[in-house]
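Residue-level listing of the chains:
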Amino acid sequence: MKEVTHINGANARSGGLSKFLQFTKANKNIFIQYSSLILVFSFFMIMSNGDLLSVVNLQTIIRQLAVLFIITVGLMFVFSHGNMDISVGGVIALTSMIVTFTLNAGASLFVATLVAIVVSVGCYLLNIFIANQFKLMAVIASLAIMFSTRGVVTYMVSTSNESIKVEDISKLALFSSNLTFTITSLIVIAIVGIVLFNYSKIGKQNKAVGDNPLAAMQSGVDVKKSKVISYLIAGIMIGFASMFSLARSYTVSENSGMGLEMDVIVALVLGGMALSGGSKSKISSAIVGSITLVLLNNGLIMIGVRPEIVSLVKGIIFLIVVFFILRRPRTEVIPR
Amino acid sequence: MDKEVFLETVNLTKKFDEVLAVDKVNMQVKLGEIKGLIGENGSGKSTISAMISGLHRITSGDIYINKKKYTPKNPLDAREKKISMIVQETGTINNLSIAENVFLGDEVRFKKNTFVNRKKMMVEAKKALEAVELDVDVTKSINTLNFEQRKLVEIARALYYNPTLFIVDETTTALSHEGRVLIHRIMRRLKSENKAVLFISHDLSELMEICDSLTVLRDGNFIRDFEKEQFDENEIKQEMVGRELEGDFYRSDYDGTSTGQVVFQAKNVSAQGLKNINLELHKGEILGIGGLSGSGMHELGKVMYGNIRLSAGEVLVYGHETPSFFQKLWKQKDKQNTGNMSPEAKPIRLTNIKTAIANKVGYVSKDRDQETLILEASVKDNLTLSALDKLDSYGLITQKAEKRFAQEQIDSLLIKCSSMNQTVRELSGGNKQKISFGKWIGNDSKILILDSPTRGVDVGVKTKMYQLLYDLKQQGYSILLISEELQELIGMSDRILLMKDGAITKEFHRSEKVDEKTLIQYMI
Ligand SMILES: Nc1ncnc2c1ncn2[C@@H]1O[C@H](COP(=O)(O)OP(=O)(O)OP(=O)(O)O)[C@@H](O)[C@H]1O
Ligand SMILES: [Mg+2]
């Protein structure tokens, strides 16, 4: 490439600044990604006089993080296809309910975790099967899954005389109070996510399909298979996340997991992810975004904002970030 | 008598961040003249024309029209000054009707009160398309047209506004022989009407025939103007690349014999636009396919790749199948037992792209932007996408392996990019073409279906590509070369099949006697 050789005086002086501007422009999404994390973090650090990082609160944050972190990483594979999923809340509710029954029937924690993964994978495979079979947009299929899973849970809750809850809560101790296990799980999942997404055929094909399915297909990508694999990964991770979710309340109600689907989307957007998917998707969006959102939630509650208002605040932040992501310069889209 | 200058650029410069694409170019386009613009891939030709037609903002320098300063902010400003341009890439928008595409961005023209007068629009679109001899139902979606027809729609759009300056960016290589004749005729007509034409092409003989003067660019710099009487092929080439070009352009041997071992075959194939096609591709053979638009040659490429459903017949590929995971395990056991694998090649029916790829068949589409490239992805990701299996070791694809692979292709095809992480969308047309070529050359495909593989690449790289194809042939690769460029077919093929109206009508064997005229006779 030709070097820019003739920098005149004026250019040289403003060189530093213009370099910086170019750098920010080129790395806009990375900027959004980390700046929202830094902003949220510093804001609440100041507002809470450092209590944000107190040992007690850190533990709370990690517990709150577990569920959202795992499902966001899992769903990243779906979102990078340009697909959207809004069934995750329902799937977690249904999975938690079946796990509760399994545990109450005397099964071990290991078996219960396997059951969780099987149920959740089943839901997600059904999702992509419906989408493929009826040539629906995946988000519409996930709407169907959302209603049916939520429907089953609501029905069961309303017909059972007592509330559905885990009888022997000590069985779930590993997921509820063992912080080392939680942290290890998060690290392992982050590593698995990063490797699959950046250093394996699965992730690479995923991104290509998200951008141009036709070209991907002609380059030897099995588009259908790639989609099924992404839903499979999501299913496994979400099954695992259900265990953490159940371990926080031990009960299943018609509201279990409610709102998670929106949290995932907000987290991804806060993490700088363009929801159209494709090559620009980064797994770090899932990691950074979910941490940011949990910090935001936690911080708002800590400084005394009422929970009803928290949603509103999230909504507004969502809008602002979307605005920044969608504002692309015109030259990027015109044909040459 | 001197012709009147219509457009003049003074120190015209364009920078994309760090990349200086056009550097202080001074150039004139005169009325009643066809001006050629030539230069290697990425030398700034498209960028200059994009600035003139308001697609790109000018970084510095000026453009004057009729001696008055002109700073277009968008394509509408250019239209007002009667400047029309055919862009190098696809300029039509999918999922709109043909008529809507003809009047893209100018629907207001048919606005009555608040509604667009559809009927009038249809009638006008029909009229516009007559100029390019395209007879189609304009209410249909643009998706029903093939690549060439879509280009014709763009030409019709440009001509509808009766341009004083008509810019044609690298369009002729997208057109078949008749399309080319048509656009040449249009350019000459405009010239005789005392309009100005700016013509960009990599086909030097075409430029020398059509143009009245030529401007040579290199690395974004103006190099030299040639007037018609100064035209000299070698001199122009030298100015273009800045050094002496060496080596033969095409292969120099006339040995068209092949091994006789059939590796790829179409048997009585009928499909959309194709009638009873029979062909055999041998190991180590370059088989050229030529024809006019509507001859079905591009469809044939898709059929051979399993991309179009057959209505009769079959496509067979002879045993290159990559073993599945379990077969591999099985074979490894086999190996231990018997010590060898069976070399027997058996025909496999090719019905979809998956079997094609499993059998090491690769395909470069003519429509690179939509069918071959992932425009948003980086150069590296594009090059590696079809070779992931090759790069994969124990389920992991390391950065190192990817980079090595990509760098090899970048070096061997002289791909001009600021880094291998640059998005492909930002590359010049020819450099995109190099990537869609390179992505199949590097992976292990033993049979290559290449549809217009050298479309829009400059002479230097063309030479490289031909050399590469010849090397591949020597190594036993088999190549189906589909091309509108007869010279290329004659220069490279062991055999040439000509197609007409969906059928193969004539076969030529490699010989010195085959020339362009003979081929054309059998095509029309
Ligand atoms: N949007 C962009 N962003 C960054 N660089 C760009 C962009 N558009 C063009 N370039 C660079 O500008 C240079 C000139 O490109 P241009 O498309 O004008 O070349 P060209 O002469 O038309 O080549 P070709 O013969 O391949 O069409 C190239 O190096 C290209 O990579
Ligand atoms: Mg160009």
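Nothing here was measured: the structure is a model prediction, and the numbers come from that model.

### Digging into the overall build of chain B
When you go through chain B residue by residue, the secondary structure sums to 19 helices and 22 strands. Compactness check: chain B gives a C-alpha radius of gyration of 24 Å against a globular reference of 24 Å for 524 residues, within 12% of the reference. Structurally, chain B occupies a C-alpha span of about 85 × 50 × 50 Å along its principal axes. A total of 524 residues make up chain B; the buried ones form 56% of that total.

### Focus on the overall build of chain A
When helices and strands are counted, chain A shows 14 helices and two strands. Expressed as a percentage of its 336 residues, the buried residues of chain A come to 48%. Contacts in chain A between residues far apart in sequence, at least 24 positions, make up 80% of those at least 6 positions apart. Summed over all atoms, the accessible surface of chain A reaches about 15,700 Å², with 69% contributed by carbon and sulfur.

### A short note on the site of ligand 1
In the vicinity of ligand 1 lie 22 residues, with B:Gly42, B:Ser46, B:Thr47, B:Ser428 and B:Gly430 positioned nearest. Taken together, the residues near ligand 1 originate from chains A and B. At a separation of 2.7 Å, an oxygen atom of ligand 1 approaches a polar backbone atom of B:Gly42. Backbone polar atom of B:Glu426 to a nitrogen atom of ligand 1: 3.3 Å apart, as the coordinates give it. Against a free-state accessible area of 640 Å², the protein chains account for coverage of 94% of ligand 1. For the shell around ligand 1, the per-class residue count stands at four nonpolar, 13 polar and five charged.

### Focus: the side chain of B:Ser46
All names here are of chain B. With respect to the helices and strands, Ser46 occurs in helix H1 (residues 45–52). A polar contact of 2.7 Å, which involves the side chain of Ser46, links it to the side chain of Asp169. Here Ser46 is in contact with Gln88 and Asp169, once residues within four sequence places are set aside.

### Focus: the side chain of B:Lys439
When you line up the elements, B:Lys439 lands in helix H16 (residues 429–442). Of the buried charged residues, B:Lys439 lacks a salt bridge, with B:Glu371 as the closest side chain of opposite charge at 11 Å. Excluding anything up to four places from it in sequence, B:Lys439 contacts A:Ser219, B:Thr372, B:Asn382, B:Leu383 and B:Ser386.

### Points about the coordination of the magnesium ion (ligand 2)
Residues and elements named next belong to chain B. The magnesium ion (ligand 2) binds to the protein through Ser46 (OG) and Gln88 (OE1); the donor distances cover 1.9 to 2.0 Å. Of this pair, Ser46 sits in helix H1 while Gln88 sits in the loop between strand S6 (83–86) and helix H3 (98–102), and the two are 42 residues apart along the sequence. Using a relative accessible area of 12% as the deciding quantity, one classes Ser46 as buried. Assessed through its relative accessible area of 8%, Gln88 is described here as buried.

### Examining helix H6 (residues 177–192) of chain B
Residue and element names in this part refer to chain B. Given a rise of 1.5 Å per residue, 16 residues ought to cover 22 Å, and the 23 Å separating the end C-alpha atoms of H6 matches this to within 8%. Buried within H6 are the following residues: Gly179, Arg180, Leu182, Ile183, His184, Ile186, Met187 and Leu190. Where H6 is buried, its residues meet strand S3 (33–39), helix H5 (147–160), strand S9 (165–169), strand S10 (196–200) and helix H7 (204–210). Phi turns positive one or two residues past the end of H6, at Asn194, with a value near 60 degrees.

### Things to note about the interface of chain A and chain B
How big an interface is tends to be stated in terms of accessible area lost as the parts join. Contacts between chain A and chain B engage 33 residues on the former and 51 residues on the latter. Summed over both partners, the interface of chain A with chain B comes to about 3,600 Å²; 56% of that surface belongs to carbon and sulfur atoms. Inspection of the region where chain A meets chain B yields four salt bridges. B:Glu402 serves as the salt-bridge partner of A:Lys204, at 2.9 Å between the closest nitrogen and oxygen. Our count for the contact surface shared by chain A and chain B stands at nine residue pairs in polar contact (both at pLDDT 80 or more). Taken together, the elements giving at least two residues each to the side of chain A that touches chain B come down to helix H1 (9–26), helix H8 (179–199), helix H9 (201–211) and helix H10 (213–218) of chain A. Taken together, the residues that form the side of chain A that touches chain B break down as twelve nonpolar, ten polar and eleven charged.

### Here's the deal with the packing of aromatic side chains
Going through the model one piece at a time under the given rule, you end up with 13 aromatic pairs over all chains. With 5.2 Å between their ring centres and 85 degrees between their planes, A:Phe175 and A:Phe181 make a pair best called edge-to-face. Note on A:Phe175: relative accessible area 5%, which makes it buried. Under the relative-accessibility criterion, A:Phe181 is labelled partly exposed at 23%. These aromatic residues form a ring-pair network of at least three members: A:Phe175, A:Phe181, A:Phe240 and A:Phe244. The ring of B:Tyr161 has B:Arg79 sitting right over it, with the charged end atom 4.1 Å from the ring centre. The ring of B:Phe508 has B:Lys506 sitting right over it, with the charged end atom 5.7 Å from the ring centre.

### A look at the domain arrangement of chain B
All names here are of chain B. Domain boundaries assigned for chain B yield domain 1 (5–241) and domain 2 (260–359 + 483–524). The centre of domain 1, based on its C-alpha atoms, is set 36 Å off from the matching centre of domain 2. Listed by partner, the interface residues are eight residues for domain 1 and six residues for domain 2. Between domain 1 and domain 2, a total of about 630 Å² is buried, with carbon and sulfur atoms accounting for 54% of that surface.

### Re the sheet that holds strand S17 (residues 347–349) of chain B
Across a sheet, strands are paired by hydrogen bonds formed along the backbone, either parallel or antiparallel in direction. Residue and element names in this part refer to chain B. Strand order in the open sheet formed by four strands is S14-S13-S16-S17, with antiparallel pairing between adjacent strands. Unpaired on one side and paired on the other, strand S14 (274–282) and S17 mark the two borders of the sheet. Each adjacent strand pair in this sheet contributes to an overall mean axis angle of 15 degrees, direction not counted. On top of the sheet, helix H9 (residues 297–304) reaches strand S13 (262–271), S14 and strand S16 (310–318); it is set at about 65 degrees to S14, its chief contact.

Calculation notes
Residues numbered from 1 in each chain as written. Chains lettered and ligands numbered in written order. Predicted model: local features only at pLDDT ≥ 70, side-chain atom pairs only at ≥ 80, totals over all residues. Heavy atoms only, no water. Helix = DSSP H or I, 4+ residues; strand = E, 2+ residues; numbered from the N terminus. Rg over C-alpha atoms; globule rule 2.2 N^0.38 Å. Buried < 20%, exposed > 50% of the residue type's maximum accessible area, 1.4 Å probe, protein only. Contact = heavy atoms within 4.5 Å. Areas by Shrake-Rupley, 256 points an atom, 1.4 Å probe, with all protein chains shown as cover. Near = heavy atom within 4 Å. Polar contact = N/O pair within 3.5 Å; in protein donor to acceptor, adjacent residues only side chain to side chain. Nonpolar A, V, L, I, M, F, W, Y, C, P; charged D, E, K, R; others polar. Lys, Arg positive; Asp, Glu negative; His and termini not counted. Salt bridge = Lys/Arg side-chain N within 4 Å of Asp/Glu carboxyl O. Donors = N, O, S within 2.8 Å, 3.2 Å for Na, K, Ca; no water. Expected span 1.5 Å × (residues − 1). Buried area = accessible area lost by both parts, 1.4 Å probe. Phe/Tyr/Trp six-rings, centres within 6.5 Å; stacked < 30°, edge-to-face > 60°. Lys NZ or Arg CZ within 6 Å of the ring centre and 35° of its normal. Domains from an automatic or database assignment. Pairing = 2+ DSSP bridges. Axes fitted to C-alpha atoms, helices over the stretch in contact; angles between N-to-C directions.

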